[in-house]
Amino acid sequence: SQTIHQWPATLVQPVGSPLSLECTVEGTSNPNLYWYRQAAGRGLQLLFYSVGIGQISSEVPQNLSASRPQDRQFILSSKKLLLSDSGFYLCAWRGRERSYEQYFGPGTRLTVT
Amino acid sequence: QKEVEQDPGPLSVPEGAIVSLNCTYSNSAFQYFMWYRQYSRKGPELLMYTYSSGNKEDGRFTAQVDKSSKYISLFIRDSQPSDSATYLCARLTGGGNKLTFGTGTQLKVEL
C-alpha cells in the first residue's frame, strides 16, 4: 500500500530564516506530487505541483519554491521566511494509474515568529 | 465569487442523526468532486469522489451532485461522535491537477 510521509511535523522558525520541508511517498512510482498550504480559517491553497523529476508548476507567486530531486521526493523551500508563511503545509500525491483522487500526508505545522 | 463555497458551521447534531453537508460551485467545467474529512491538526482524508451528476454511496456516506443547481452534498447516516471533524469539499480544475477547496464545515456529533 502507499504511504506518504512529511517532516518535520512541527516547526517554529524566526522571520528571515530559511525553510526546508520534505515529503516522500512509498509504494508507488511516478506519482504526481502537490504542496498545499492551509491557513487558519481558510481552505487549502495549492502552492506547487509536479508531474515528474525536475518538473515544477507554481500556482501562487510567493516567497516559496519547490523541487523534486527524486521520483518520490518533493521539497518545499524558502530562503527567507515571512510571518505570512505561517500555516499548515500539506503534501499530497496522485497515482498515474488512478483517476484524479489526491491523498494527503500528515502535514507540517509551521509557525514563523 | 469563490469557485467553491461552503458553510463553515459549526454544525452540531445528536448521535444517530442524518447529517447533510453542502457546497456550491461556480464554474461548470470538469465536473469532478471530492469530499475530505479532516480531524484537528491532521491531514485531510479522502472520503468520496464523484463525477458528474447523481449519487454515489459508500457505507454510511452518500455523495450527491446536482449539476443544474451547481450543488454538491455529502450525507452521513447514523452519525457517530467519531464523525466529528471538518469536512472539505473540493472541485477538480486545471486539467486534473488542481483541487479547489471550500473552507470546510466543522461538524460535531454529540452523545
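Below is a short write-up of the structure. (Residues numbered from 1 in each chain as written. Chains lettered and ligands numbered in written order. Predicted model: local features only at pLDDT ≥ 70, side-chain atom pairs only at ≥ 80, totals over all residues. Heavy atoms only, no water.)

1. With respect to the pairing of strand 9 (residues 85-93) of chain B
Sheet faces and side chains relate simply in a regular strand, where the side chains alternate between the two faces.
Residues and elements named next belong to chain B.
Thought 1: With eight of its nine residues buried, strand 9 lies for the most part within the structure.
Thought 2: Pairing between strand 4 (residues 32-38) and strand 9: six bridges, direction antiparallel. Each residue of the ladder has a partner; that of Tyr36, found in strand 9, is Leu88.
Thought 3: Relative to strand 11 (residues 105-110), strand 9 runs antiparallel, the two sharing three bridges. Along strand 11, the bridge assignment pairs Tyr87 with Thr105.
Thought 4: Two strands pair when backbone bridges link them, and strand 9 and strand 10 (residues 98-101) are joined in this way by four bridges, in the antiparallel orientation. Residue pairing in the sheet places Leu92 in a bridge with Leu99 of strand 10. (Buried < 20%, exposed > 50% of the residue type's maximum accessible area, 1.4 Å probe, protein only. Helix = DSSP H or I, 4+ residues; strand = E, 2+ residues; numbered from the N terminus. Pairing = 2+ DSSP bridges.)

2. A closer look at the interface of chain A and chain B
Thought 1: At the interface, 24 residues of chain A touch 20 residues of chain B.
Thought 2: Here chain A meets chain B over a buried area of about 1700 Å², counting both sides, of which 57% is carbon and sulfur.
Thought 3: Among the ionic pairs, Lys98 of chain B bridges to Glu59 of chain A, the shortest N-O distance being 3.5 Å.
Thought 4: Applying the counting rule to chain A against chain B returns four residue pairs in polar contact (both at pLDDT 80 or more).
Thought 5: Put simply, the parts of the chain that give the side of chain A that touches chain B at least two residues each are strand 4 (32-38), strand 5 (44-52), strand 9 (87-94) and strand 10 (103-104) of chain A.
Thought 6: Considering only residue class, the side of chain A that touches chain B consists of 12 nonpolar, seven polar and five charged. (Contact = heavy atoms within 4.5 Å. Buried area = accessible area lost by both parts, 1.4 Å probe. Salt bridge = Lys/Arg side-chain N within 4 Å of Asp/Glu carboxyl O. Polar contact = N/O pair within 3.5 Å; in protein donor to acceptor, adjacent residues only side chain to side chain. Nonpolar A, V, L, I, M, F, W, Y, C, P; charged D, E, K, R; others polar.)

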